[in-house]
Amino acid sequence: MSLFNNDLRNTYIYLLILIIFSILLFVPSTLNRDLHYRDELRYTEVAREMENSGNYFVPRLGGRIYTDKPPFYFWFLIFSKEIFGEYSAPAMVSPSIISAVIILLLTFLFARSILDEKYAFLASIILATTVLFFSLSIFVRMDLLMMVFITAALVTFFMAYQNQNNCFYLFAYLFIAIATAIKGPAGFLIPLATIFGFVIWDQSLEKLQEMKLMQGLGIFFSVILLWLIPAFIFGGKEYIYDLLVLQTFGRAVNSFAHSEPFYYYFTTLPLTLLPWTFMLISSLFYIIKHYRNINTELKFILSWFFWPLLLFSFFSGKLVFYLLPIYPAAAILIAYLCRQVIVNQENKKFIVIPVLLTIIIIIAGSFFIPDNIEGYNIGSLLKPALISIGFILLIALVLYFKKNYLALVYLLAIAMLFFSLNLNLIIVPIASQNYSKRPIAEELKGLREQKNVENIAAFRYGQPETLAVYTNFFIKDLGTEKALIGYLQEKQEAVILISEDDFEKVSAIFNQQDVIYHSNGYNLIYHSIE
């Protein structure tokens, strides 16, 4: 007797392939590279200081309270460090990779309820290989961790909506609360925009009474207060004010950071959805053509994609990754198009034209890659991927004439896999050597520990405290020439971390000087007063 029936066995096979594909796509990015300045080093340093201080509710950077982000993500970084034993790139990127895999599995399981299994699998592969999702999966960022709970919230909401299981609504509220605690308002704005937009479109406002709104609010605020109360106790009211008012509403209205025009996402989305942009456009044209056939499931997917996009366009503060949680909806829309065209024998041009157009544009674009980008011959470094894409075009033509349209679509994912392997195994290690701050930080650590140099400062470096990931001590930043002059006059001897460009501008300030170390555009200047 078989342990699993055929359907369940197929599901496990799809899940296993998806996990293996994710490992091939994401994990090589963590090998042979250092943490990137600034974001990766900054988040890692916040986690390091949190672990060292034992204060797990109020993040700090350089000993000062860090109000940009809540503390939850840093707990995951600390936990990952305990597993790996150090604050390395593999350790710090692991939470992003694990989050990405969970999102892909959730996307598959959700799409499986409204599409055939093989098209649900396709939706997850599409999501994994979009430029933005792939990029954030291989960096130290909290966006994907928040996205796990936003995706889970929307999945559980729709399960409750479809199956009239009110208990699942409570899980949705819990996931929304956790997403909010991880990164802030996007954690509840994206699900709420999706849910209320969908309910209105589906003309089922009466269902709001079934959604246990009061219990949901109780769950939401309980989770938030479980953090805010200790944060108030350890950080004080100024910390709470900066976090909730300045960092939250300050970014939404008249943003002090990342202010962009209304149309910003409509211009960046096509780039971040590559190589699936034309497929998404084709799916939207298909849906418009068959508008009368839109069912409840499709209304929900469209609401998941469009309402957050529209809402966030009104906010003044914008970054491309703010809307990452709508990408599963985009991937499912593309998979939906493929199913409709292939299963229902619709016009194959909805698939063939965008796939071939994408491959041709990629190949054509390769001829315009500059010979030199910041010292790298990108064309030469990308040659393995470009050659493989040329072969993919030939395979695409064969598949077209054989009318194997599903395999034709998968060629875009294969092309992205080749690109990622080319990037992660060839380009990233070379780039890491040129951007890494580890060598110069370890040199500073040696000066402090072996040569007893106490006076170490940086000039216009920008958050030199993040180097404490490697040095285990903070470096003061001298932001003005006046501050540099005062520091040099005060100290009999000192070592100054300074960029080559800045050193050329202020070299006359130093009485006696010696460039004792150089790495990646930065010098260590030994200064003494005899």
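Before reading further, recall that the structure is shown in the block above.
Residues numbered from 1 in each chain as written. Predicted model: local features only at pLDDT ≥ 70, side-chain atom pairs only at ≥ 80, totals over all residues. Heavy atoms only, no water.

(A) Layout of the packing of helix α15 (residues 349–366) against helix α18 (residues 405–435). Orientation of α15 relative to α18, taken along the N-to-C sense of each, is 30°, at an axis distance of 10 Å. Taken as axis vectors, α15 and α18 run roughly parallel relative to one another. Relative to α18, the crossing made by α15 is left-handed. Facing α15, whose interface residues are I351, V352, V355, T358 and I359, α18 presents Y405, L408, V409 and L412. Grouping the constituent residues of the contact of α15 with α18 by class yields eight nonpolar, one polar and no charged. (Axes fitted to C-alpha atoms, helices over the stretch in contact; angles between N-to-C directions. Helix = DSSP H or I, 4+ residues; strand = E, 2+ residues; numbered from the N terminus. Parallel < 35°, antiparallel > 145°, perpendicular 65-115°, else oblique. Left-handed = near helix turned anticlockwise from the far one by under 90°. Contact = heavy atoms within 4.5 Å. Nonpolar A, V, L, I, M, F, W, Y, C, P; charged D, E, K, R; others polar.)

(B) Region of the structure containing the packing of aromatic side chains. Taken as a whole, this structure holds 39 aromatic pairs when the rule is applied. When the centroid spacing of 5.8 Å and the interplanar angle of 35° are considered together, the rings of F157 and Y161 count as tilted. Highlighted residues: F157 and Y161, both in helix α7 (residues 143–163), separated by four residues, approximately one helical turn. Every member of this aromatic cluster is reached through a ring pair, and the members are F110, F157, F158, Y161, Y169, F198, F300 and W304. A cation over a ring is seen here: R42 above Y43, with NZ or CZ 5.3 Å from the ring centre. Over the ring of F473 we find R448; its NZ or CZ atom is 4.0 Å from the centre of that ring. (Phe/Tyr/Trp six-rings, centres within 6.5 Å; stacked < 30°, edge-to-face > 60°. Lys NZ or Arg CZ within 6 Å of the ring centre and 35° of its normal.)

(C) Spatial organisation of the side chain of T11. With respect to the secondary-structure elements, T11 resides in helix α1 (residues 6–26). A polar atom in the side chain of T11 sits 3.3 Å from the side chain of R112. T11 has contacts with F108, R112 and E117, leaving out every residue within four places of it along the chain. (Polar contact = N/O pair within 3.5 Å; in protein donor to acceptor, adjacent residues only side chain to side chain.)

(D) Here's a closer look at the nonpolar core. Judged by nonpolar contacts, the single largest core of 168 residues is most densely connected at F26, F74, F133 and F157. Three or more residues apiece are contributed to this core by two domains, here domain 1 (8–432) and domain 2 (437–528). F74 has contacts with Y43, V46, A47, M50, P59, Y66, K69 and M142, leaving out every residue within four places of it along the chain. Counting 13 residues, the second largest nonpolar core, distinct from the first, contains A457, L488, A494 and V506. (Core = buried A, V, L, I, M, F, W, Y, C linked by side-chain atoms within 4.5 Å. Buried < 20%, exposed > 50% of the residue type's maximum accessible area, 1.4 Å probe, protein only. Domains from an automatic or database assignment.)

(E) Inspection of the pairing of strand β5 (residues 493–499) at higher detail. With six of its seven residues buried, β5 lies for the most part within the structure. Sheet analysis places strand β3 (residues 456–459) next to β5, joined by four bridges and oriented parallel. Pairing of A457 across the sheet is with I496, part of β5. (Pairing = 2+ DSSP bridges.)

(F) Inspection of helix α21 (residues 481–490) at higher detail. All of the buried residues in α21 are L484, Y487 and L488. Around the axis of α21, the buried residues are gathered within 95° of arc, so they sit on the same side. Facing away from the buried side of α21 by more than 90 degrees, the exposed set consists of K482, Q489 and E490. Buried positions along α21 lie against β3, β4 (476–478), β5, α22 (500–506) and β7 (522–528). (Arc of directions from axis to C-beta.)

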